[in-house]
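Examining the three-dimensional arrangement
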Amino acid sequence: MAGHGGALPRRGALRATAAALLLGAGTATGLVGRAAAADLPSVIAAIKTSVLPVGTYSATGNPRFEFRGSGFVVGDGTLVATNFHVLPEGAEVESGPRMAVLAARGSSGEAPVRRARVVATDRLRDLVLLQIEGSPLAPLALAEAGQAREGQGIALLGFPIGGTLGYSVVTHRGIIASLTTVALPAPTARQLDPRAVSRLREGNFEVLQLDATAYPGNSGGPVIDAESGVVLGVVNQVLVKSSRESALANPSGITYAIPVGLLRDLMRDLQRSGSESGKAP
């Protein structure tokens, strides 16, 4: 695996240093931002290099990088958010498949393939945070929880056809059609960790229903406010559609997204676990 920014630290070290990550939990920090309204072409130009293909890497594979979904840079620039279902089986363990993202080649000459490691997961809400090797990338600004409004103009970015025609970010525009709720799927025994039990006690949660069409490969990409570029949610076509549209044999054209507030919760969980690990001898 090429990556000239240095090897990733071990999992324990990641947790020990997580308290120092700039997770942007309280303000919309990052590219563009709430206060800077702009036209959509300007917004896309400013943020598209922070939307990345997510997949696995094998030096002996053909292709070496196997695309699995979309993701975007958050926090201190070393974290990438995506859907949990984008991960292959076993990616959470040290000996599992090697995760990677494709980033634009920077001025430092770092290779575009960046190895990544799972550092936080929320299986029931289908969210995951990866930490990438190398120098930080530009993070996207996150909206405050509850900022999304019905009728709000949005755009979703990602890689709906993967690498078929090269990895170019594709943008679809629409509005938030509805703020609706989804029932959590019945968990398996494998999913019942302490976080999952806590999520079940919280009950159903709100999702964004979008008047914009996402396609395979868009999962894990950001839903942004079309004027400011702040992230309002994470595209999800598996967890939500399987719960709300399981009777439909064909795609309906309706797209759903996990609200950014739930991503903020996961980032805070990572920060908290890092702080606790840092105090351990």
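Here the residue index of a chain counts from 1 through its sequence in written order. Where local features are concerned, this predicted model is filtered to residues with pLDDT of at least 70; where side-chain atom pairs are given and counted, the filter is 80 or more; whole-chain, interface and lining totals use all residues. No hydrogens and no water enter the side-chain calculation; it runs on all heavy atoms of the structure.

Comments concerning the overall build of the protein
- Under the DSSP-based scheme used, a helix requires at least four consecutive residues in state H or I and a strand at least two consecutive residues in state E, with every element numbered from the N terminus. Within the protein one finds five helices and twelve strands.
- Whether a residue is buried, partly exposed or exposed follows from its accessible area with a 1.4 Å probe, protein chains only, as a fraction of its type maximum: under 20%, in between, or over 50%, in that order. In the protein, which comprises 281 residues, the proportion classed as buried is 50%.
- In what follows, a contact means two residues having at least one pair of non-hydrogen atoms within 4.5 Å. Of the contacts made within the protein by residues no fewer than 6 positions apart, 70% connect residues no fewer than 24 positions apart.
- Split by element, the accessible area of the protein, about 12,300 Å² in all, is 52% carbon and sulfur. All accessible-area figures derive from a Shrake-Rupley calculation using a 1.4 Å probe, and residue coverage is judged against the displayed protein chains alone.

A word on the confidence of the model for the protein
- Every residue carries a pLDDT, the predictor's confidence in it, which falls somewhere between 0 and 100. Confidence in the prediction of the protein, expressed as mean pLDDT, is 80, and 70% of residues score 70 or more.
- Confidence drops under pLDDT 50 across residues 243-249; counting only partners more than four residues distant or on other chains, this segment forms ten contacts.

Overview of helix α2 (residues 40-47)
- Among all positions in α2, only Leu40, Val43, Ile44 and Ile47 are buried. Axial view of α2: buried residues confined to an arc of 95°, hence all on one face. In α2, the exposed residues that point more than 90 degrees away from the buried face are Pro41 and Ala45.
- Contacts from the buried residues of α2 go to β1 (51-57), β7 (153-158), β8 (170-182) and β10 (222-225). As used here, the arc is the angular range of directions from the helix axis to the C-beta atoms.

Structural notes on the nonpolar core
- Ranked by size, the top nonpolar core spans 48 residues in total, and within it Phe72, Val74, Leu129, Leu142, Leu210 and Leu263 carry the most contacts.
- In terms of residues, this core owes the most to one element, helix α5 (residues 260-279), which gives six residues.
- In contact with Leu210, not counting residues within four places along its chain, are Ile154, Leu156, Ile175, Ile176, Ala177, Val223, Ile254, Thr255 and Ala257.
- We call a set of buried Ala, Val, Leu, Ile, Met, Phe, Trp, Tyr and Cys residues a nonpolar core when their side-chain atoms join them within 4.5 Å. Counting 17 residues, the second largest nonpolar core, distinct from the first, contains Val80, Met99, Val128 and Leu130.

Concerning the packing of aromatic side chains
- Only the six-membered ring of Trp is used, alongside the rings of Phe and Tyr, when aromatic pairs are assigned; centres must lie within 6.5 Å, and planes under 30 degrees apart are stacked while those over 60 apart are edge-to-face, with the rest tilted. Scanning the model with the defined rule gives four aromatic pairs in all.
- Taking 5.9 Å as the distance between ring centres and 40° as the angle between the ring planes, the aromatic pair formed by Phe67 and Tyr167 counts as tilted. In this pair, Phe67 sits in strand β2 (residues 65-74) while Tyr167 sits in the loop between β7 and β8, placing the two residues 100 residues apart along the sequence.
- What makes Tyr167 partly exposed here is its relative accessible area of 34%.
- Residues Phe159 and Tyr167 carry aromatic rings whose centres are separated by 6.4 Å and whose planes lie at 75° to one another, so their mutual orientation is edge-to-face.
- An aromatic cluster of at least three residues, connected via ring pairs, comprises Phe65, Phe67, Phe159 and Tyr167.
- One Lys or Arg, Arg125, reaches over the ring of Phe205 and ends 5.3 Å from the middle of that ring. Two conditions define a charge sitting above a ring: the NZ of Lys or the CZ of Arg must be within 6 Å of the ring centre, and it must be within 35 degrees of the ring normal.

Some words on the pattern of salt bridges
- Salt bridges are defined as contacts in which a side-chain nitrogen from Lys or Arg sits within 4 Å of a carboxyl oxygen from Asp or Glu. In total, this model carries five salt bridges according to the counting rule given.
- Where Arg123 meets Glu92, a salt bridge forms, and the shortest distance between an N and an O atom there is 2.6 Å. Here Arg123, found in the loop between β5 (113-122) and β6 (127-132), pairs with Glu92, found in the loop between β3 (79-82) and β4 (99-102); they are 31 residues apart in sequence, far enough to count as distant.
- Across the pair Asp265 and Arg268 runs a salt bridge whose closest N-O atoms are separated by 2.7 Å. Here Arg268 and Asp265 lie together in helix α5, a separation of three residues that amounts to about one turn.
- Overall, the relative accessible area of 31% leaves Arg268 in the partly exposed class.

Structural notes on the sheet that holds strand β9 (residues 205-210)
- Two strands qualify as a pair provided DSSP detects at least 2 bridges between them. Sheet architecture is closed into a barrel: six strands sit in the order β7-β8-β9-β12-β11-β10, paired in antiparallel fashion. Across the sheet, the mean angle from the axis of one strand to that of its neighbour is 45°, orientation sign disregarded.
- Pairing of β10 with strand β11 (residues 231-236), which is carried by three bridges, proceeds in the antiparallel orientation. Each residue of the ladder has a partner; that of Val223, found in β11, is Gly233. Axis angles are defined between N-to-C directions and span 0 to 180 degrees, where every axis is a line fitted to C-alpha atoms and, for a helix, only to the segment in contact.

A short note on the pairing of β1
- In terms of burial, β1 is a largely internal element, seven of the seven residues being buried.
- Note: β1 against β2, seven bridges, orientation antiparallel. Across the sheet, residue Pro53 finds its bridge partner in β2, namely Ser70.
- Two strands pair when backbone bridges link them, and β1 and β4 are joined in this way by three bridges, in the antiparallel orientation. Bridge pairing in β4 places Gly55 opposite Ala100.

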